[in-house]
Amino acid sequence: MSLDYKQKYSFGADYGTSYFKFGSILCGEEPKMIENRGYFPRNDNIMHNAFGETKDIVVGDEVPLYLQAKEDLTENLIYPMKNGIIEKNNSRAWDVVKTISLYGLEAFEPTDNDFEGFNIVASLSSIAPRYMYEKIFQIYKEINKKRKLIKAATVISQPLSVAIAHKVTTCTVIESGHGNTQVCPISHYPIRNAIVPINRGGGDANSITAEILKDLGYSDLAREEAFVLRAKEKLGLIPVDFEKSVAKAKKHPKKFKNKFKIPGTRIVVELEENTWTRFLIGEYVFDPNHELFTSYFKRGLPKPKDIRIGDLLFKGMLDFGEAIIEAVERCPVELQPHLYRNILLSGGNFCWEQPSIQLKGLATSANSKIKLLLRKKGITNVNISMTNEPQYSVWRGTIIYGYAVPENYNWSWDQLEGWISFD
Amino acid sequence: MNQSKKIKSIISGQVIFNIVTKESKLIQFENILELFKQNLKFLRKKTGAYIFSGGIISNLDLIENNNGSLTASIRFNKAKPFFLDNLTSATLSNFNKNSLSCSMKGNFDFDRIKNYLKDGSDWFEETKKSYSAKKRYDKKKIHVTVYPGMALLNLMCEFNDKEDTLDPNSPGRIIKNLSRIGGGTT
Ligand SMILES: Nc1ncnc2c1ncn2[C@@H]1O[C@H](COP(=O)(O)OP(=O)(O)O)[C@@H](O)[C@H]1O
């Protein structure tokens, strides 16, 4: 009986830095995805009063329809999980979390009369402090006040969810999303004091792509986030050896040509003799320390900053190889070889397409790049795998976890696992 | 390759069945994997997933029940209808019944599917975002839930009989039929 219930009503919710990935177990293996953001419209203008129903917070696909003047975007468009952490009393951010959570649950609310609420598994950043767990449970409780959508809830950390989705118990997970990257060693549980957070993610790759586009004369387009993102995904190449690949591309730009058309428009982007810049994008994701980037910083590319959130330091410029070493070396010595032998890459920022055969030796995949970075530092006995569909692996883990954890296993604040029941 | 009429769909989901056994979990796990390898064409393993011709088994879990029996949960992805059929006949040849939850994503004509499901259904309900029906399909009782806004259809059904591996009652056939009604070619 209870397994049947779970087969129908398990629900996963991955609160990413820029995307909220959610869905019931009935989704199969692909969640629904909306941006993890909320817009607080100004409800004082005529258009709204005359025609619109007034809304306090808008989330999901409707956001673009409500956006008003550009100036008020920064103030009224809120990405609550931008750093993976929300301050305790940032009530606007928590309101957004509540609204998107409700949005997700309602989207899958069933009509069947055996429905008593979802078993929801929420996934938060590995560095989320305990009060965020408390806050999530509290939000779920509030959601239930209106109508019972949740039967039981639990929270797991994103890297652990990735490990679960791939059935490995001892590993190092690098989860790289839009806003940041977390390197998290796992041995059955996440090893909390070994986590290395990095204040750099897919969003930074967008920033350098925008600079490149500006240099090419596409300044207007470089201001459009959606366009930059597409350009990044289409153009970016991960170099085997940055200097050699750039030199080669400068000499033979045609070899690297890749024009792309923006769907629905007449615009075609061509790099011509600047195809070498494709490598800037890929290199920047993994290691932004080459001197070639300095000129971009000087001209206005925002340099990924070191930031302190709570008692954690997020380094901006740490290369991914160094970050893995730093994290692993904080773990017991006997464990270290095992952590290197099972490195899992997850998150959208690792979604890079496999480069074509013609570029062999010049462009490479994300996992080979990490291998190269580690080799440079003398770490060779490694095994790096890319998760299947990296952008969804956290969500998949939440569904598997929700299905496998017995219903009578109660939440424990010491272990941070089990169910909180809302019955 | 611009056949605008052709609707591409992705099929994924979960099969569960019970195992009464004295063997350890680990041995059961190997046994089930072996069973699949004998009945489906195994290609390779990839980060915890097993890639077969026609579909991927992304997760295989054995969950202990209170009475000591085990429930196997098999999650699959990128499946072709024939993969569903082979998966079902493999499990039915060794275990007595399985229940399938299978989702199909694609831009189907969901109104047509709705009309089909409504017609002669045992139960039908609709909300703003979804509709759901229980209906008899040849010898099978199927439960279908559809979320048009997400281009998602879910089929739930139990299989327990030899006949369930054959046309028209096999899971692959049922899915194919629903897809065809929605204008797909799966
Ligand atoms: N095919 C791709 N190539 C390069 N980057 C990609 C690709 N697909 C997604 N991304 C990037 O992944 C990031 C989003 O990753 P995701 O894991 O969903 O983030 P989060 O969970 O933190 O919201 C974005 O910066 C996006 O541009």
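Calculation notes
- Residues numbered from 1 in each chain as written.
- Chains lettered and ligands numbered in written order.
- Predicted model: local features only at pLDDT ≥ 70, side-chain atom pairs only at ≥ 80, totals over all residues.
- Heavy atoms only, no water.
- Helix = DSSP H or I, 4+ residues; strand = E, 2+ residues; numbered from the N terminus.
- Rg over C-alpha atoms; globule rule 2.2 N^0.38 Å.
- Buried < 20%, exposed > 50% of the residue type's maximum accessible area, 1.4 Å probe, protein only.
- Contact = heavy atoms within 4.5 Å.
- Areas by Shrake-Rupley, 256 points an atom, 1.4 Å probe, with all protein chains shown as cover.
- Lys, Arg positive; Asp, Glu negative; His and termini not counted.
- Charge placed at Lys NZ, Arg CZ, Asp CG, Glu CD.
- Near = heavy atom within 4 Å.
- Polar contact = N/O pair within 3.5 Å; in protein donor to acceptor, adjacent residues only side chain to side chain.
- Nonpolar A, V, L, I, M, F, W, Y, C, P; charged D, E, K, R; others polar.
- Salt bridge = Lys/Arg side-chain N within 4 Å of Asp/Glu carboxyl O.
- Phe/Tyr/Trp six-rings, centres within 6.5 Å; stacked < 30°, edge-to-face > 60°.
- Lys NZ or Arg CZ within 6 Å of the ring centre and 35° of its normal.
- pLDDT = per-residue confidence, 0-100.
- Pairing = 2+ DSSP bridges.
- Axes fitted to C-alpha atoms, helices over the stretch in contact; angles between N-to-C directions.
- Buried area = accessible area lost by both parts, 1.4 Å probe.
- Domains from an automatic or database assignment.
- Core = buried A, V, L, I, M, F, W, Y, C linked by side-chain atoms within 4.5 Å.
- 1 Å grid on protein atoms, 1.4 Å probe; cavity = no way out; pocket = protein on both sides within 12 Å on 5 of 7 lines; lining within 4 Å.
- Points joined across faces, edges and corners; volume = space filled by probe spheres on them.

Details of the overall build of chain B
Helix and strand counts for chain B stand at 4 helices and 10 strands. Mapped in sequence order, the helices and strands of chain B form the string β-α-β-β-β-β-α-β-α-β-β-β-β-α. Expected size for 186 residues packed as a compact globule is a radius of gyration near 16 Å; at 17 Å, chain B falls within 12% of this value. Seen through its principal axes, chain B has C-alpha atoms that stretch 50 × 40 × 30 Å. By residue count, 54% of the 186 residues in chain B fall in the buried class. Partitioning the intrachain contacts of chain B with sequence separation of at least 6 by distance along the chain shows that 59% fall at a separation of at least 24. Summed over all atoms, the accessible surface of chain B reaches about 9200 Å², with 46% contributed by carbon and sulfur. Measuring between centres, the 30 positive side-chain charges of chain B sit 7 Å from its 18 negative side-chain charges.

Overview of the site of the ligand
Residues and elements named next belong to chain A. Around the ligand sit 18 residues, and of these T17, S18, Y19, H178 and K232 come closest. For the ligand, an oxygen atom lies 2.7 Å from a polar atom in the backbone of Y19. At 2.6 Å from an oxygen atom of the ligand is found a side-chain nitrogen or oxygen belonging to H178. Protein chains shield 92% of the accessible area of the ligand, which is 590 Å² for the free molecule. Elements with a minimum of two residues in the shell around the ligand: β2 (19-24), α8 (202-215) and α10 (225-235). Here the shell around the ligand takes 3 residues from α10, the largest share from any one element. The residue inventory of the shell around the ligand, partitioned by class, reads 4 nonpolar, 11 polar and 3 charged.

Some details on the pattern of salt bridges
Here the structure, examined in full by the defined rule, presents 31 salt bridges over all chains. A:E211 is the salt-bridge partner of A:K214, the closest N and O atoms lying 3.2 Å from each other. Remark: A:E211 and A:K214 occur in helix α8; sequence separation between them is 3 residues, near one turn of the helix. The network of salt bridges with shared partners includes A:E29, A:E389, A:R396, B:R75 and B:K78.

Remarks on the packing of aromatic side chains
A full pass over the atoms with the stated rule returns 30 aromatic pairs over all chains. The interplanar angle of 75° and the centroid separation of 5.5 Å between the aromatic rings of A:F256 and A:F279 together place this pair among those described as edge-to-face. Residue A:F256 is found in the loop between α11 (242-251) and β13 (260-261), and its partner A:F279 is found in helix α12 (residues 277-286); the two are separated by 23 residues along the sequence. According to the relative accessible area criterion, A:F256 is buried, its value standing at 0%. Ring geometry for B:F124 against B:Y131: centres 6.0 Å apart, planes inclined by 25°, an arrangement best described as stacked. Assessed through its relative accessible area of 3%, B:Y131 is described here as buried. The rings of A:Y5, A:Y9, A:F11, A:Y15, A:F20, A:F22, A:Y103, A:F108, A:F115, A:F118 and B:Y147 are connected pair by pair, giving a single aromatic cluster. It is B:K134 that lies over the ring of B:W123; its NZ or CZ is 5.0 Å from the centre. A cation sits over an aromatic face here: B:K135 above B:Y116, 4.2 Å from the ring centre.

Describing the side chain of A:T398
As for its position among the elements, A:T398 is in helix α17 (residues 393-404). In contact with A:T398, other than residues within four places in its own chain, are A:G12, A:A13, A:V121, A:S123 and A:S161.

Let's talk about the confidence of the model for chain B
In this model, chain B carries an average pLDDT of 91, and 96% of its residues clear a pLDDT of 70 or more. Taken together, the chains of this predicted complex give a pTM of 0.94 and an interface ipTM of 0.92.

With respect to the sheet that holds strand β3 (residues 49-52) of chain B
Each strand in a sheet pairs with another by means of backbone hydrogen bonds, the pair being arranged parallel or else antiparallel. Residue and element names in this part refer to chain B. Read across the sheet, 10 strands follow the order β2-β3-β4-β5-β1-β6-β10-β9-β8-β7 without closing on themselves; strand pairing throughout is antiparallel. Lying at the two open borders of the sheet, with one neighbouring strand each, are β2 (42-46) and β7 (123-126). Averaged over all pairs of adjacent strands, the angle between strand axes in this sheet comes to 20°, irrespective of strand direction. Here 4 bridges tie β2 to β3, and the two strands are oriented antiparallel to one another. Residue pairing in the sheet places K46 in a bridge with A49 of β3. The sheet strands contacting helix α3 (residues 110-118) are β7, β8 (131-137), β9 (140-147) and β10 (152-159), and the helix crosses β8 at an angle near 50°.

Observations regarding the pairing of strand β6 (residues 98-105) of chain B
Residue and element names in this part refer to chain B. In terms of residue burial, β6 counts as a mostly covered element, since 7 of its 8 residues are buried. Strand direction decides the pairing type here: β6 and β10, joined by 8 bridges, are antiparallel. Directly across from K105, in β10, lies its bridge partner L152.

Re the interface of chain A and chain B
On the chain B side, the residues contacting the 32 residues of chain A number 39 residues. Around 3000 Å² of area is buried between chain A and chain B when both sides are counted, 52% of it from carbon and sulfur atoms. Area buried by chain A at its contact with chain B is led by A:Q7, A:L26 and A:E29, which between them contribute 22% of it. In this assembly, chain A and chain B are joined by 4 salt bridges. The closest approach of N and O atoms between A:K167 and B:D61, which form a salt bridge, is 2.8 Å.

A short note on the domain arrangement of chain A
A common way to report how large an interface is uses the accessible area buried once the components associate. Taken as a whole, chain A is organised into domain 1 (3-158 + 391-421) and domain 2 (204-303). The C-alpha-based centres of domain 1 of chain A and domain 2 of chain A are spaced at 34 Å.

Overview of helix α1 (residues 2-9) of chain A
Working note: α-helix, 3.6 residues per turn, so residues spaced by three or four point in the same direction. Burial within α1(A) is extensive, with 6 of its 8 residues counted as buried. When we look at burial in α1(A), the residues that qualify are A:L3, A:Y5, A:K6, A:Q7, A:K8 and A:Y9.

With respect to the nonpolar core
Residues and elements named next belong to chain A. Counting 69 residues, the largest nonpolar core has Y15, F108, L124, I136 and Y140 as its most contacted members. Ignoring anything within four residues of it in the chain, the contact list for L124 reads Y15, M81, M132, Y133, I136, V155, I156, S157 and Q158. The next biggest cluster of nonpolar side chains, apart from the first, holds 66 residues, and it includes A231, L318, L339 and V382.

So, empty space enclosed by the protein
What the rule picks out here adds up to 3 cavities of 30 Å³ or more. A volume near 120 Å³ is recorded for the largest cavity. Lining the largest cavity are 17 residues, and of these A:L26, A:P110, A:D112, B:T145 and B:Y147 sit closest to its centre. For the lining of the largest cavity, the elements supplying multiple residues, two or more each, are α1 of chain A together with β8 and β9 of chain B. At 3 residues, the largest contribution of residues to the lining of the largest cavity is made by β9(B). For the second largest cavity, the calculated volume is near 70 Å³. What lines the second largest cavity is A:E29, A:A165, A:H166, A:N388, A:R396, A:I400, B:T47, B:A49 and B:S58. Residue composition of the lining of the second largest cavity, by class: 3 nonpolar, 4 polar and 2 charged.

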